Amino acid sequence: MSELDILIGKPWRKPSFIKRPWLRWALILGFLAYLIAAYMTVEVNWSRVYEGLERGKKFVLAFTNPDFTTRSSDIYEGMVESIIMTIASSVVGIAISIPIALGAARNIAPLPVYLICRSIIAISRALQEIIVAILLVAIFGFGPLAGFLTLSFATIGFLSKLLAEDIESMDKVQAEAIKTSGAKWTQWINYGVQPQVMPRLIGLSIYRLDINFRESAILGLVGAGGIGATLNTAFDRYEYDTAAAILLIIILIVMALEYLSGVIRARVQ
C-alpha cells in the first residue's frame, strides 16, 4: 500500500478524466477559455500599475532602513493599545467560550442547551471580523472599544467550536469512571473532562492570542483602534520607512508569541 493510500484510507484510483485524453484536453481548453474571458472582463489601468510598482519598490527598500524614531510616540501608543486590546479580548473571549463549548458538546449537554450554544458559535463564525468591526465602530465610534468587542466576539466562535469538538472526541472511559463513582456534574467536569481538554485549551488560547494581535493591526484600518491606525496613517502619508518599522515590530511580537506558545504547550503536555 502506498503513502497516498494510507493518507486517504483506501486505494487510490486514477480519475476518469486522466484515463480519457479527450476529456482531459476539453477540461484544459475550457479552463484556458475561462481565464481569457475573466482577464478580458477585468479593467486594468496599466499606468496606475506602473506607478504602483514604483511605490512598491520604495516600500520594499524601506525595510532596509526602517524609521523607529520619527513617530516613536505614535508607534508606542498604538502598540500598547493593541497589546491591551489583544489581552483583554482574549481573556474575556476565552472565559465566555468555555461554558459555551461545554454546552456545544453533544456528549455532555442536553439537546436544548446544545442547540443554543451551537447557534451562538455559528453566528460568531458567520460574521467576519472586519464586518463586525465596521458595525461596532458605527455604534460606539472610533477607538479600541470597538476592536475589543470585535476580537472578543471572534474568539468565542473560534475557541468554542474547537474546544467543543475536542470534548466530543475525549476518552469516554475516564469520564464515565468519574461519573459512576457518584460525582456531581461539576465534579465530573472538573475531574473527568477538564484534565483531558486542558492542554488543548491552553494551546488554542495562546494561538488565539496570536491571532487577536494580528487582527488588531487589521481592525485599526477601519478605525477600531490599535497599531493598525498608526500603520494606516503611515501609508496615507507615504511614510514607508515608518510603516516598515511598524510591520517589523508586529512580526517580532508574533514570532515571540509563537515561541512562547511552543514552550508552554511542551510543558503542559
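Residues numbered from 1 in each chain as written. Predicted model: local features only at pLDDT ≥ 70, side-chain atom pairs only at ≥ 80, totals over all residues. Heavy atoms only, no water.

Let us look at the overall build of the protein. Each helix and strand counted, the protein has twelve helices and zero strands in total. In sequence order, the secondary structure elements of the protein are arranged as α-α-α-α-α-α-α-α-α-α-α-α. Split into buried and exposed, the 269 residues of the protein put 34% on the buried side. Taking the contacts inside the protein whose residues are at least 6 apart along the sequence as the reference set, 75% of them involve residues at least 24 apart. (Helix = DSSP H or I, 4+ residues; strand = E, 2+ residues; numbered from the N terminus. Buried < 20%, exposed > 50% of the residue type's maximum accessible area, 1.4 Å probe, protein only. Contact = heavy atoms within 4.5 Å.)

Quick look at the side chain of D210 now. Tracing the backbone shows D210 in helix α10 (residues 185-219). In contact with D210, not counting residues within four places along its chain, are V254, L257 and E258.

This part covers the packing of helix α8 (residues 144-168) against α10. Between two packed helices, what matters for the description is the angle formed by their axes and the separation of those axes. Put simply, α8 and α10 touch, their axes get as near as 9 Å, and they point 150 degrees apart. As judged from the angle between their axes, α8 and α10 are roughly antiparallel. Here α8 runs over α10; the crossing is right-handed. (Axes fitted to C-alpha atoms, helices over the stretch in contact; angles between N-to-C directions. Parallel < 35°, antiparallel > 145°, perpendicular 65-115°, else oblique. Left-handed = near helix turned anticlockwise from the far one by under 90°.)

In the structure shown here, the tally under the stated rule is five aromatic pairs. Ring geometry for F59 and F235: centres 5.5 Å apart, planes at 50 degrees, overall tilted. Of this pair, F59 sits in helix α4 (residues 46-62) while F235 sits in helix α11 (residues 227-236), and the two are 176 residues apart along the sequence. Where Y238 meets Y240, the ring centres are 6.1 Å apart and the plane angle is 75 degrees; that geometry is what we call edge-to-face. For Y238, a relative accessible area of 53% translates into the label exposed. Members of the aromatic cluster, each reached through a chain of ring pairs, are F59, F63, F235, Y238 and Y240. Above the ring of Y114, the side-chain terminus of R106 is found at 5.7 Å from the ring centroid. (Phe/Tyr/Trp six-rings, centres within 6.5 Å; stacked < 30°, edge-to-face > 60°. Lys NZ or Arg CZ within 6 Å of the ring centre and 35° of its normal.)

In this structure, K161 sits in helix α8. Placed 39 residues apart in sequence, K161 and A122 show a C-alpha to C-alpha distance of 8.7 Å. Ignoring anything within four residues of it in the chain, the contact list for K161 reads I121, R125 and I156.

Before going further, it helps to examine the packing of helix α7 (residues 129-140) against α10. One can describe the packing of α7 onto α10 by two numbers: an axis separation of 11 Å at closest approach and a directional angle of 55 degrees. Put simply, α7 runs oblique to α10. Where α7 crosses over α10, the handedness of that crossing is right-handed. The residues of α10 that touch α7, namely those facing E129, I130 and A133, are R208, E215, I218 and L219.

Residue-level pLDDT values for the protein average 81, and 90% of them are 70 or greater. Segment residues 1-9: pLDDT under 50, and five contacts once partners within four positions in sequence are set aside and those in other chains are kept. (pLDDT = per-residue confidence, 0-100.)

In terms of nonpolar packing, the biggest core is built from 23 residues, with I108, L159, L163, I167, I189 and V193 touching the most fellow members. The dominant element in this core, judged by the number of residues it contributes, is α10, at seven residues. In contact with I167, other than residues within four places in its own chain, are A101, L102, A105, N107, I108, V193 and V197. With 17 residues, the next largest nonpolar core counts F59, A234, I250 and V254 among its residues. (Core = buried A, V, L, I, M, F, W, Y, C linked by side-chain atoms within 4.5 Å.)

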